[in-house]
Amino acid sequence: MFVRGVANSASYDLVILAAGMGSRFGGLKQVEPVGPNGELIIEYSVFDACRAGFDRVVMVIRKDIEREFRASIGRRLEEKVAVDYVFQEIDDVPPTLFPGSSRRPTRTKPWGTGHAVLAARRAVQRPFAVINADDFYGAGGYKALVRHFRGSPQHALVGYPLRQTLSEFGTVSRGLCGIDPAGRLQKITELTKIAKLAAGGASYVDSAGQARQLKGDEIVSMNFWGFTPAIFAQLDGLFRTFLERHAVDPKAEFYLPSALSELNTLSMAEIALLKSEDAWFGITYREDLPTAQAAMRELILANRYPASLWG
């Protein structure tokens with residue numbers, strides 16, 4: 001496959017986490033275009049990934065949104081790149097963990113982003129990137145991951161300066177990256193209710209209720225990862241432990257950043273930290289949409305993308 005005449009000779013997969021699209025931003029039917037010809041954020045992500053060297057997309061969705069997703073989003077991509085679908089479902093767990101009805105989960109939704117990546121384990125056998133379906137990451141991160149895959153067996157995170165990821169219309173949650181002297185990721189600390197400050201930087205309230213400030217140049221995780229297939233066995237072990245402790249908690253989440261931090265702490269994996277200076281934007285609030293559309297217009301005017309994405 002190729003995009004706009006650029007041959008795809010590499011062998012990497014792009015795993016897109018889309019199981020939550022039915023509940024974010026008003027529902028799947030209201031996923032809005034950001035490009036001048038109706039292009040969605042997910043299309044720009046696939047476009048960038050294909051130009052960097054990825055040649056297959058694996059969509060992680062829920063079974064109940066499959067028909068609508070394929071009709072409204074999948075069909076846009078299937079003509080441009082190979083697309084496979086896997087399902088993140090509540091019953092996709094090791095059956096031996098729930099031998100009795102008293103241990104059966106009472107929740108109605110799957111277990112978060114770590115579980116979502118595990119859902120792709122039967123479909124992916126080569127190095128792969130993981131992104132959110134409704135976030136725009138820019139081309140540089142995909143190129144950095146391909147360079148990383150060619151030279152290292154480590155997992156990787158593409159991080160962004162905090163100031164590039166804040167919203168004008170409300171608070172956000174971000175994973176603050178702790179870095180060792182060699183530049184590797186040590187841990188990710190989840191911060192919530194981060195607010196952009198008019199004077200620059202940001203503020204948040206810590207677990208003790210104290211107001212804290214951030215400069216804005218701190219590197220944060222936006223859920224843009226690069227993994228080898230070894231991640232599946234590593235996550236599976238942590239997920240089993242998680243379920244043994246939290247299976248009956250309807251609000252417990254198996255978060256990918258927390259899982260990778262634990263793998264690093266246990267010396268089970270090393271995670272390289274790759275930094276991107278490209279624009280990042282997402283649509284957390286409906287009011288973010290015009291900002292995202294304006295950002296894409298600027299990128300097109302700068303000749304970073306064609307006005308008609310697919311020609």
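Scroll up to find the structure.
Below, the structure is looked at part by part. This is a predicted model, so every value here is computed, not measured.

### Remarks on the overall build of the protein
Part 1 of the reasoning: When helices and strands are counted, the protein shows 7 helices and 15 strands.
Part 2 of the reasoning: For the protein, the proportion of its 311 residues judged to be buried stands at 53%.
Part 3 of the reasoning: Looking at the protein as shown, the accessible area adds up to about 14,500 Å², and 50% of this sits on carbon and sulfur atoms.

### Overview of the nonpolar core
Part 1 of the reasoning: Judged by nonpolar contacts, the single largest core of 47 residues is most densely connected at Leu14, Ile16, Phe54, Met59, Tyr142, Leu145 and Phe224.
Part 2 of the reasoning: Residues Val15, Val58, Leu185 and Phe254 belong to the second largest nonpolar core, which totals 39 residues.

### Some points on empty space enclosed by the protein
Part 1 of the reasoning: This structure, assessed with the given rule, holds 2 cavities of 30 Å³ or more.
Part 2 of the reasoning: Here the second largest cavity defines a volume of roughly 30 Å³.
Part 3 of the reasoning: Lining the second largest cavity, in full, are Phe136, Gly138, Ala139, Asp278, Ala279, Leu299, Arg304 and Tyr305.
Part 4 of the reasoning: A per-class count over the lining of the second largest cavity returns 5 nonpolar, 1 polar and 2 charged.

### Considerations on the packing of helix H1 (residues 41-52) against helix H4 (residues 139-151)
Part 1 of the reasoning: Packing of H1 against H4 brings their axes to within 9 Å, and their N-to-C directions diverge by 35°. Between H1 and H4 lies a crossing whose hand is right-handed. Facing Ser45, Asp48, Ala49 and Ala52 of H1, the residues of H4 in contact are Ala139, Tyr142, Lys143 and Val146.
Part 2 of the reasoning: When its residues are assigned to classes, the contact of H1 with H4 shows 5 nonpolar, 1 polar and 2 charged.

### Comments concerning unusual backbone geometry
Part 1 of the reasoning: If you check the backbone angles, asparagine 223 has positive phi at about 65° while not being a glycine.
Part 2 of the reasoning: By the secondary structure assignment, asparagine 223 is in strand S13 (residues 219-227).
Part 3 of the reasoning: The buried category is assigned to asparagine 223, whose relative accessible area is 8%.
Part 4 of the reasoning: Positive phi, close to 65°, is recorded for asparagine 303, a residue that is not glycine.
Part 5 of the reasoning: Relative to the helices and strands, asparagine 303 is located in the segment after helix H7 (288-301).
Part 6 of the reasoning: Judged by relative accessible area, asparagine 303 falls into the exposed class, the value being 70%.

### Quick look at the environment of alanine 119
Part 1 of the reasoning: Position of alanine 119 relative to the elements: it lies in the loop between helix H3 (113-118) and strand S6 (128-132).
Part 2 of the reasoning: Along the chain, alanine 119 and valine 86 lie 33 residues apart, while their C-alpha atoms are 6.6 Å from each other.
Part 3 of the reasoning: Discounting residues that sit within four places of it in the chain, alanine 119 has contacts with Val60, Val86, Phe87, Gln88 and Asp92.

### Remarks on the pattern of salt bridges
Part 1 of the reasoning: Inspection of every chain in the model, using the stated rule, returns 17 salt bridges.
Part 2 of the reasoning: Between aspartate 48 and arginine 51 there is a salt bridge; the shortest N-O distance is 3.4 Å. Placement of both aspartate 48 and arginine 51 in helix H1 is noted, with a separation of 3 residues, approximately one turn of the helix.
Part 3 of the reasoning: Given a relative accessible area of 34%, arginine 51 falls into the partly exposed group.
Part 4 of the reasoning: A salt bridge links lysine 196 to glutamate 168; the shortest N-O distance between them is 2.6 Å. One end of the pair, lysine 196, is in strand S10 (residues 184-196); the other, glutamate 168, is in the loop between strand S8 (155-161) and strand S9 (172-179), and 28 residues separate them in sequence.
Part 5 of the reasoning: Judged by relative accessible area, which is 41%, lysine 196 ranks as partly exposed.
Part 6 of the reasoning: Through salt bridges with shared partners, a single network forms among Asp13, Asp55, Arg56, Asp84 and Arg126.

### Regarding the environment of alanine 129
Part 1 of the reasoning: Mapped onto the elements of the fold, alanine 129 is located in strand S6.
Part 2 of the reasoning: Residue alanine 129 is classed as buried on the basis of its relative accessible area, which comes to 0%.
Part 3 of the reasoning: Dropping the residues within four chain positions of it, alanine 129 is found in contact with Asp13, Leu14, Val15, Phe54, Leu145, Phe149, Phe224, Trp225 and Gly226.

### Notes on the packing of H1 against helix H2 (residues 66-78)
Part 1 of the reasoning: Running from amino to carboxyl end, H1 crosses H2 at an angle of 25°, the nearest separation of the two axes being 10 Å. With respect to H2, the element H1 is oriented roughly parallel. In this structure, H1 crosses over H2, and the sense of that crossing is right-handed. Of the residues in H2, those touching H1 at Ile42, Glu43 and Val46 are Ile73, Arg76 and Leu77.
Part 2 of the reasoning: By residue class, the composition of the contact of H1 with H2 is 4 nonpolar, no polar and 2 charged.

### Describing the layout of surface pockets
Part 1 of the reasoning: Size it by volume and the second largest pocket reaches roughly 280 Å³.
Part 2 of the reasoning: The wall of the second largest pocket is formed by 18 residues, among which Gln164, Leu166, Trp280, Phe281 and Thr291 lie closest to the centre.
Part 3 of the reasoning: Secondary-structure elements contributing two or more residues to the lining of the second largest pocket are S9, strand S15 (281-282) and H7.
Part 4 of the reasoning: For the lining of the second largest pocket, the element with the most residues is H7, which contributes 3 residues.
Part 5 of the reasoning: Class assignment for the residues of the lining of the second largest pocket results in 7 nonpolar, 6 polar and 5 charged.

Conventions and cut-offs
- Residues numbered from 1 in each chain as written.
- Predicted model: local features only at pLDDT ≥ 70, side-chain atom pairs only at ≥ 80, totals over all residues.
- Heavy atoms only, no water.
- Helix = DSSP H or I, 4+ residues; strand = E, 2+ residues; numbered from the N terminus.
- Buried < 20%, exposed > 50% of the residue type's maximum accessible area, 1.4 Å probe, protein only.
- Areas by Shrake-Rupley, 256 points an atom, 1.4 Å probe, with all protein chains shown as cover.
- Core = buried A, V, L, I, M, F, W, Y, C linked by side-chain atoms within 4.5 Å.
- 1 Å grid on protein atoms, 1.4 Å probe; cavity = no way out; pocket = protein on both sides within 12 Å on 5 of 7 lines; lining within 4 Å.
- Points joined across faces, edges and corners; volume = space filled by probe spheres on them.
- Nonpolar A, V, L, I, M, F, W, Y, C, P; charged D, E, K, R; others polar.
- Axes fitted to C-alpha atoms, helices over the stretch in contact; angles between N-to-C directions.
- Left-handed = near helix turned anticlockwise from the far one by under 90°.
- Contact = heavy atoms within 4.5 Å.
- Salt bridge = Lys/Arg side-chain N within 4 Å of Asp/Glu carboxyl O.
- Parallel < 35°, antiparallel > 145°, perpendicular 65-115°, else oblique.

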